[in-house]
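# Structural description and commentary
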Amino acid sequence: MTVIYDPQNPLRSPVTSADRVLYAVQQAIVEGDIAAGSKLTETGLAKQFNVSRAPLREALARLERCHLVERTPNAGVRVVTLSYESLIALYQIREELEGLACRLAAEKMANEEVDALSKLLEQHLKDQRVREGESYYQEAGDVDFHYRIILASKNQYLINMLCDELYFLVRMYRVQLGMNGPRVSRAFDEHKAIITAIANRDGELADLLMRRHISASRKNIETKLQAHKEVS
């Protein structure tokens, strides 16, 4: 298992030594504190996190299953790179599945859940960086708009794919390349339009708006990837 999924507490606190290492390395990779493409050694990580090899190996195996690291025979473990090809493949899946999640959420969310989602966006808007169109950073889990939509689909298979297997790889792209810049204000407005469609129980429109939203996000990240490539 990669992320410990519990519908009552989706990203609960670490329980074991392997959990502690997993969450710390996971966050460092997502935030870019451990750079994409970096080699990870058991010796270095064991020293850094003061753990034995057994829980460390378990954590690395779980990181591999959520696609944050890759293991190559005779070459060890490396953090995945952020590439155009990976982005396209990942966001093709994301666009389809999150569109479906929106459609299901429009059918299944209680009015109280829709109200809570609207209040979440109000909380996001209290961040000065969001109001000024500078940055739209969302913490992982229940305060992440997309995470809440996926949970609201109430489809366990969909939740497992998007909140477990792919969630942190998507976050890696979003956090490092997609949460700041000129799209911030538009992304927030797109979130509001999606909630309106869900509140109106228009699953078809909610699906369409989410697909367009993710497509626009992908194009934004593509532009930044190209800019980074040209600089390097």
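Notes on the structure follow. Only a predicted model underlies this, so the values are computations on that prediction, with no experimental measurement involved.

For the structure on display, the rule yields 15 salt bridges. Note that E113 and K154 form a salt bridge whose closest N and O atoms lie 3.1 Å from each other. With E113 in helix 5 (residues 111-125) and K154 in the loop between helix 7 (145-152) and helix 8 (156-165), this residue pair connects regions lying 41 residues apart in the sequence. Relative accessible area serves as the criterion here: at 42%, K154 is assigned to the partly exposed category. Residue R211 is joined to D207 by a salt bridge in which the shortest nitrogen-to-oxygen separation is 2.4 Å. Separated by four residues within a single helix, R211 and D207 lie in helix 11 (residues 203-231), roughly one turn from each other. On the basis of relative accessibility, which here comes to 23%, the residue R211 falls in the partly exposed class. Salt bridges sharing partners connect three or more residues here, namely E96, R103, D207 and R211.

Its identity is not glycine, yet N50 carries a phi of approximately 55 degrees, on the positive side. Looking at N50, the relative accessible area reads 68%, which means it is exposed. At H67, a position not held by glycine, the phi torsion is positive, near 70 degrees. Looking at the element boundaries, H67 is found in the loop between helix 3 (53-65) and strand 2 (69-72). The exposure class assigned to H67 is partly exposed, which follows from its relative accessible area of 30%.

It is worth spelling out the nonpolar core at this point. Ranked by internal contacts, the top residues of the largest apolar core, which has 70 residues, are I149, Y173 and I198. It is helix 4 (residues 84-108) that provides the largest number of residues to this core, a total of nine residues. Shared between two domains, this core holds at least three residues of each, these being domain 1 (17-79) and domain 2 (84-231). For Y173, the residues in contact, after removing those within four places along its chain, are T81, L82, S83, S86, L87, L90, Y91, G178, I221 and L225.

Here S52 is to be found in the loop between helix 2 (42-49) and helix 3. For S52, a relative accessible area of 46% puts it in the partly exposed group. A sequence separation of 35 residues divides S52 from S17, and the C-alpha atoms of the two residues are 8.8 Å apart.

Parameters and conventions
Residues numbered from 1 in each chain as written. Predicted model: local features only at pLDDT ≥ 70, side-chain atom pairs only at ≥ 80, totals over all residues. Heavy atoms only, no water. Salt bridge = Lys/Arg side-chain N within 4 Å of Asp/Glu carboxyl O. Helix = DSSP H or I, 4+ residues; strand = E, 2+ residues; numbered from the N terminus. Buried < 20%, exposed > 50% of the residue type's maximum accessible area, 1.4 Å probe, protein only. Core = buried A, V, L, I, M, F, W, Y, C linked by side-chain atoms within 4.5 Å. Domains from an automatic or database assignment. Contact = heavy atoms within 4.5 Å.

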